Amino acid sequence: MKLTANTIPAFLLLAGFASALTVRQDSTSHLLQPRRTKSLLISPAAQPALPTIQEATAAAAAAGLNLDNIQGDILIGMKKNQELFYFFSIADAAAFKPKLASDILPLITTTTQLLQVSTQPTTMLNIAFSATGLSALGITDSLGDADFAGGQFAALTALGDPGSTNWVPQFAGTNIHGVMLFASDTVANIDAAVASVESALGSSITKLYTLAGAVRPGSEAGHEPFGFLDGISNPAVEGFIATPLPGQAPVAAGTILLGESGDTGTRPAWAQDGSFLAFRQLSQLVPEFNKFLTDNPIVMDGLTPQQGSDLLGARMMGRWKSGAPVDLSPVFDDPVLGADPTRNNNFTFEHDGVNLATNQTFCPFAAHIRKTRPRADLGTPEDAIHHIIRAGIPYGPEVSDQEAASNTTTTERGLAFVAYQSNLANGFQFLQQIWANKPNFVHTGEGYDPIVGADAGAPRVVTGLDPTNSTKSLTLPIDFIVSRGGEYFFAPSLSAINTTLSV
Ligand code: HEM
Ligand SMILES: *[C@@H]1O[C@H](CO)[C@@H](O)[C@H](O)[C@H]1NC(C)=O
Ligand SMILES: *[C@@H]1O[C@H](CO)[C@@H](O)[C@H](O)[C@H]1NC(C)=O
Ligand SMILES: *[C@@H]1O[C@H](CO)[C@@H](O)[C@H](O)[C@H]1NC(C)=O
Ligand SMILES: *[C@@H]1O[C@H](CO)[C@@H](O)[C@H](O)[C@H]1NC(C)=O
Ligand SMILES: *[C@@H]1O[C@H](CO)[C@@H](O)[C@H](O)[C@H]1NC(C)=O
């Protein structure tokens, strides 16, 4: 890294130590000083804003939640601008543990810190450990989650992956002990933070793999690589958000955080305020997906072929590219609705005089957002336990002209998918295995989730996509999303790092 007048202070502020530098500041008071004037997070209009520090503090006090003890990534959702996932193994636990306490813990970004620009660090750092990573640290307590204990590689068949041939080799197995999440508004900040953390940890860890995520450019900010706005519908966690937006699912803190109210698992005391992090590298075949839409437009009076293709895509997702839900805007996109967080999540799939169990005129039963959150399909009040906080970010370059023209992906891109929950068998793994991959959920014969559903790579049949004839089926010849694997991690509280994992 080239050191300039601008980068030196940022580097020192982040690192809190300066062993790699010839310039050394002895005082640590600068660590407490305001670090930023501009947020490290994105805030597209259509995504719910984060609570203010006052709102969150009041909600946390009322619920008895300690937002200073909860790692910052868990509750904030898909708001990172640039993020690096740094997967490592612990090479020397005896050397790693004291450094975890002395060098890493002070850099871990809390939930509270992220809520105000003035308390945000230059680069956010979070850390999480796999089951084998906790073992490497000498932890023998069970966290009470069989899927976490087994690791994601053992679950690949259950998740619908066609074996591990598409898996990133480092994910195939149980070698990854942990992941560090670095996030900032610039890659240079992240690079500097990685350099300081690497220099602090030295040979106590081994870097196994990294994946760099980034917000998409310009007006695509917040949109996933197929072009749909993401990060709209995350649950409102009690103790963080006092007033859910219309249609936002209220969940007990224990749905996401271990040991909090609503968590029914048996956990060691130190696991409180931690969360399971399900990571998946999901590559997206964007030109192939677009060609499929072009080739299969919904034919309806008054629609051009392009509009018919857009409608097919919207019905597969359950939302238009703007974020507007097809349940509220069934034939055409409505960008004003899409951009309004007080309205864009305010639906249940119920409509007066329309049969909820048979009528797919508004939203197909199999649509991605209906499979993964069936709302009124499972009755009211809504199911409370199968909720996750999605906190991923796109990765890879924009589609090139050459890829678009050839209808063929040549450079990998997709979603670095992150889901937080207190119970993997209720959260990510359930949504993937029991809902998205099951053609008879929620209604017999509706087919697969056309976005993330998987059947070991076999073609998937979906019905209900054509609003003019809901019994008509469409066969998706290939998976437009290809799993490259991942791992299950535990993102511990700051006090757990301090009192248990580093000793
Ligand atoms: C590359 C893969 C994926 C893409 C492109 C994708 C895209 C989207 C989009 C565009 C939305 C609508 C925006 C929103 O409500 O925030 C959404 C919502 C959602 N997705 Fe995905 N998704 C992917 C993977 C997954 C996976 C693997 C799961 C879980 C197994 C999942 C679960 C959900 C849930 C729970 C919602 C919110 C539903 C609601 O509350 O209405 N997604 N996704
Ligand atoms: C949310 O939807 C309900 C039911 O359709 C409606 O009565 C209410 O006005 C909507 N709220 C907003 C903010 O649009
Ligand atoms: C579904 O409901 C819509 C709106 O009321 C209606 O026009 C349509 O005929 C219904 N479709 C079926 C299959 O019942
Ligand atoms: C790409 O797909 C479109 C839509 O099917 C088609 O018109 C075009 O000829 C295809 N291009 C190539 C190079 O195959
Ligand atoms: C609807 O689609 C099914 C299956 O393709 C077909 O058998 C049926 O004739 C269609 N109905 C109408 C009214 O077109
Ligand atoms: C870690 O524990 C030590 C000793 O109990 C305490 O002084 C320190 O404030 C703790 N740090 C954090 C971040 O909790």
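Residues numbered from 1 in each chain as written. Chains lettered and ligands numbered in written order. Predicted model: local features only at pLDDT ≥ 70, side-chain atom pairs only at ≥ 80, totals over all residues.

Draft legend 1. Region of interest: the overall build of the chain. Of regular secondary structure, the chain possesses 16 helices and 13 strands. The C-alpha radius of gyration of the chain comes to 22 Å, within 12% of the 23 Å expected for a compact globule of 503 residues. For the chain, the C-alpha atoms occupy an extent of roughly 75 × 50 × 45 Å along the three principal directions. Out of the 503 residues belonging to the chain, those deemed buried represent 51%. Long-range pairs, those at least 24 residues apart, make up 72% of the contacts in the chain between residues at least 6 apart in sequence. (Helix = DSSP H or I, 4+ residues; strand = E, 2+ residues; numbered from the N terminus. Rg over C-alpha atoms; globule rule 2.2 N^0.38 Å. Buried ≥ 20, exposed ≤ 12 C-beta atoms within 10 Å, placed from the backbone. Contact = placed C-beta atoms within 7 Å.)

Draft legend 2. Summary view of the UniProt feature "domain: DyP dimeric alpha+beta barrel" (unreviewed entry) in the chain. Here the UniProt-annotated "domain: DyP dimeric alpha+beta barrel" (unreviewed entry) positions come out as residues 69–217. Annotated as 31% helix and 21% strand, the span residues 69–217 places its first and last C-alpha atoms 33 Å apart. (UniProt positions renumbered as here; feature names shortened; annotations may be inferred.)

Draft legend 3. Quick look at the domain arrangement of the chain. Splitting the chain by domain gives domain 1 (7–54 + 66–233 + 266–282 + 487–501) and domain 2 (284–384 + 400–484). One C-alpha centre belongs to domain 1, the other to domain 2; they are set 30 Å apart. Taken together, the contact between domain 1 and domain 2 spans 38 residues of the former and 40 residues of the latter. Only α7 (146–150), β4 (205–214) and β7 (275–284) provide two or more residues apiece to the side of domain 1 that touches domain 2. Of the residues assigned to the side of domain 1 that touches domain 2, the class counts are 24 nonpolar, 9 polar and 5 charged. (Domains from an automatic or database assignment. Nonpolar A, V, L, I, M, F, W, Y, C, P; charged D, E, K, R; others polar.)

Draft legend 4. Highlighting the nonpolar core. Within the largest apolar cluster, 126 residues are counted, with the highest numbers of intra-cluster contacts made by F85, V179, F182, L277, Y420, F489 and F490. Those residues in contact with L277 that sit more than four places away from it in its chain are A128, V418, Y420, F489 and A491. (Core = buried A, V, L, I, M, F, W, Y, C linked by C-beta atoms within 7 Å.)

Draft legend 5. Just the confidence of the model for the chain, in detail. On average, residues of the chain score 93 in pLDDT, and 93% of them are at 70 or above. Here helix α1 (residues 7–15) stands out as the element of the chain with the lowest mean pLDDT, 34, in contrast to β7, whose mean of 99 is the highest. Contacts of residues 1–34 to residues separated by more than four positions or lying in other chains number 43 contacts, the stretch itself having pLDDT below 50. (pLDDT = per-residue confidence, 0-100.)

Draft legend 6. Region of the structure containing the packing of helix α4 (residues 93–104) against helix α8 (residues 187–201). Where α4 contacts α8, the two axes come as close as 10 Å, and the packing angle between them is 140°. In terms of orientation, α4 lies oblique with respect to α8. With respect to the hand of their crossing, α4 and α8 are arranged in right-handed fashion. The segment α4 lies against α8, with F96, K99, D103 and I104 engaging V197, A200 and L201. Of the residues belonging to the contact of α4 with α8, the class tally is 5 nonpolar, no polar and 2 charged. (Axes fitted to C-alpha atoms, helices over the stretch in contact; angles between N-to-C directions. Parallel < 35°, antiparallel > 145°, perpendicular 65-115°, else oblique. Left-handed = near helix turned anticlockwise from the far one by under 90°.)

Draft legend 7. Spatial organisation of unusual backbone geometry. For the bond from T380 to P381, the omega torsion is -5°, close enough to zero to count as cis. Relative to the helices and strands, P381 resides in the loop between α13 (368–371) and β8 (389–390). Of note, the phi angle at F349 is positive, near 80°, even though the residue is not glycine. Within the element layout of this structure, F349 appears in the loop between α12 (335–338) and α13. By the C-beta count within 10 Å, which is 22 here, F349 ends up buried.

Draft legend 8. Main features of the site of ligand 3. Every residue near ligand 3 is listed here: G353, V354, N359 and T361. Counted by class, the shell around ligand 3 contains 1 nonpolar, 3 polar and no charged residues. (Near = placed C-beta within 6 Å.)

Draft legend 9. Main features of the pairing of strand β2 (residues 124–129). Most of β2 sits out of view: 6 of its 6 residues are buried. Because side chains alternate across β2, one face comprises the buried residues M124, N126 and A128, and the other comprises L125, I127 and F129, equally buried.

Draft legend 10. Inspection of the environment of G160 at higher detail. Along the polypeptide, G160 turns up in the loop between α7 and β3 (178–184). Using a count of 23 C-beta atoms within 10 Å as the deciding quantity, one classes G160 as buried. Here G160 is in contact with Q432, N437, A454, D455 and A456, once residues within four sequence places are set aside.

Draft legend 11. Layout of the pairing of strand β1 (residues 82–90). Taken across its 9 residues, β1 has 8 buried, putting it largely inside the fold. Pairing geometry for β1 and β3, over 7 bridges, is antiparallel. Bridged to Y86 within β3 is M180. Direction of pairing for β1 relative to β4: antiparallel, over a ladder of 9 bridges. (Pairing = 2+ DSSP bridges.)

Draft legend 12. Spatial organisation of helix α15 (residues 428–436). Residues of α15 that are buried include every one of F428, Q429, L431, Q432 and A436, and no others. The inward-facing, buried residues of α15 abut α7, β7, α13 and β10 (414–421).

Draft legend 13. Geometry of the environment of L137. Mapped onto the secondary structure, L137 falls in the loop between α6 (131–136) and α7. For the pair L137 and A93, spaced 44 residues apart in the sequence, the C-alpha separation amounts to 5.9 Å. Not counting residues within four places of it along the chain, the set of residues in contact with L137 comprises I90, A93, K97 and L501.

Draft legend 14. Region of interest: α8. Given a rise of 1.5 Å per residue, 15 residues ought to cover 21 Å, and the 21 Å separating the end C-alpha atoms of α8 matches this to within 8%. One or two steps after α8, the chain reaches G202, where phi turns positive at roughly 50°. (Expected span 1.5 Å × (residues − 1).)

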